[in-house]
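Observations on the three-dimensional arrangement
Okay, here's what each chain looks like letter by letter:
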Amino acid sequence: MVKVLEDTGLSFDDVLLIPRKSSIASRREIDTRSRFTQRIMINIPIVSAAMDTVTESAMAITLAREGGIGVIHRFIPPERQAEEVAKVKRADNVIIEKPITIAPDRTIGEARELMRTLGISGLLVVDPENRLLGILTRRDVLFEADSTPVSRCMTPRERMIVAESNISLEEAKNIFKQYKVEKIPIVDRENRVRGLITCVDLLKREAYPNASRDSKGRLLVAAAIGVKEKEIDRAKLLVEAGADAIVIDVAHGHTSMCIETIKKLRRIYGDNVEIVAGNVATAEGVEDLASAGANAVKVGVGPGSVCTTRIVAGVGVPQLSAILECANAAEKMDVPIIADGGIRESGDIVKALAAGASSVMIGRLLAGTDESPGAVVVKNGRRYKIYRGMASIYAMLGREARSREDPTEALIDASEYSYYAEGVEAYIPYTGSASEMIKKLVAGLRSGMSYLGARTIPELKHNSIFIRVTQAGIRESMPHDVEVI
Ligand code: XMP
């Protein structure tokens, strides 16, 4: 028997949030921290989409510095994807785990060359067992002859300030302040070099006080994989490169293949890696993925700006209803959900979080910025960037071409791909810096939270009541009866 649900599927435009009494005097009182996964907190609830026109290292670095997290897409070879992850982890790294070293019997000429080619301002001097003997900085070599041995110009170990590996960044800052040094080597009990903290990196870190970072002070980053057998190898490279979370990224996540992939990753990594899985649009989907071991579930079937799944396949759930239903299930299982797709304005972020999502995943709004992959194109005197669905014809064709071992194989038949496409390619206006875009979205979120008297994201969920609106209500919500300048 065919079942027809009584419920009406609601989307963001179908509702508004009812304002309520608020004692918030300034938007600065508002705390936008939220859970990305069960164990990863982010400072703003914004995640960038795992798409090849949205997130590689540039986007992930900018977003993490602002407090969110980027998901590096999987439509490049695994080694390249892992390198993108590594770039993010290196970006504002305060503790250098493998500092560059030199032996004491090398010459100043060699040391100078090493510093110049690597663009660094100092070298740790070590014996063959990697035990610290001294430090050589650019200043030490200024007026020395090339042939002088390093040991003659270095600051020796006994005059150096060093720290143990459990030093906190606050303690490091105090050492820099008190001793006026620029570098603090980290050594173990046997005096073996275990790392290096530089003052410059610490200052860089202070420039982004709201950044989302791991316990070592590095920027957070996630990376996507698919569900085919060899994707487990991809995950391995990504984890080795430092990915904080692996995102199983498939259009229909409520499948046995997705569940198996979660279980496999769990078996391999235990609790050492956070696993995000999706996409789903039902409570049952959330329950099945969370029971398999997902630490966060991505919600959204067909709401994205370049998605045609609902037209092609006739399948989907309007995004606000999907979030509301999934959030109920997620709350019971204590697993955060990520509302993925369909965010057009900051108001949609407020609605998604009010409905129970812990964060939102954004494609289009970030795809027009400098940090998204791809060049700016000019059309009729206006600047655009290209944004495309990952199931669009050319995105699929590109993948097929790359996966071929023999490039002389017969040409790929594009028409076949056109039958399966569930996404489109599009021009979107160029919008400048991603950082500005993110700041604007967060300002809107703070505004929404203040109207609801919510100082935190959990309070926003608690305080929210939606009212359904008619077409007349939607019209009233826009600027109307004026000529907008
Ligand atoms: P927005 O609305 O932010 O949505 O542009 C981004 C999300 O769209 C999804 N996505 C697709 N969905 N066909 C689809 O049905 C596609 O080709 C496609 N590509 C991306 C994805 O979930 C993304 O995060």
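Thresholds, definitions, all that
- Residues numbered from 1 in each chain as written.
- Predicted model: local features only at pLDDT ≥ 70, side-chain atom pairs only at ≥ 80, totals over all residues.
- Heavy atoms only, no water.
- Helix = DSSP H or I, 4+ residues; strand = E, 2+ residues; numbered from the N terminus.
- Buried < 20%, exposed > 50% of the residue type's maximum accessible area, 1.4 Å probe, protein only.
- Contact = heavy atoms within 4.5 Å.
- Areas by Shrake-Rupley, 256 points an atom, 1.4 Å probe, with all protein chains shown as cover.
- Lys, Arg positive; Asp, Glu negative; His and termini not counted.
- Charge placed at Lys NZ, Arg CZ, Asp CG, Glu CD.
- Phe/Tyr/Trp six-rings, centres within 6.5 Å; stacked < 30°, edge-to-face > 60°.
- Lys NZ or Arg CZ within 6 Å of the ring centre and 35° of its normal.
- Expected span 1.5 Å × (residues − 1).
- Arc of directions from axis to C-beta.

1. Focus: the overall build of the protein chain
Counting its regular elements, the protein chain contains 18 helices and 22 strands. Dimensions along the principal axes, computed over C-alpha positions, put the protein chain at roughly 85 × 65 × 55 Å. Taking all 485 residues of the protein chain together, 51% fall into the buried category. Intrachain contacts of the protein chain at a sequence separation of at least 6 include 64% that bridge at least 24 residues. In the structure as shown, the protein chain presents an accessible area of about 24,700 Å², 52% of it carried by carbon and sulfur atoms. Where the 65 positive side-chain charges of the protein chain centre and where its 65 negative ones centre are 4 Å apart.

2. Looking at the packing of aromatic side chains
Two descriptors summarise a pair of aromatic rings, namely the distance from one centre to the other and the angle between the planes of the rings. What the rule picks out here adds up to 1 aromatic pair. Directly above the aromatic system of Tyr384 lies the positively charged group of Lys379, at a separation of 5.3 Å from the ring centroid.

3. Re helix α8 (residues 256-269)
Taking 1.5 Å per residue as the helical rise, α8 with its 14 residues ought to reach 20 Å, and the 20 Å between its terminal C-alpha atoms agrees with that figure. Turning to α8, its buried residues number three or more, namely Cys258, Ile259, Thr261, Ile262, Leu265, Arg266 and Tyr269. Projected onto a plane normal to the axis of α8, the buried residues spread over an arc of 160° and lie on a single side. Away from the buried face of α8 by more than 90 degrees, exposed residues Ser256 and Arg267 are located. Check the buried side of α8 and you find it contacts β13 (222-225), α7 (231-240), β14 (245-249), β15 (274-280) and α9 (283-292). At the exit of α8 stands Gly270, carrying a positive phi of roughly 55°.

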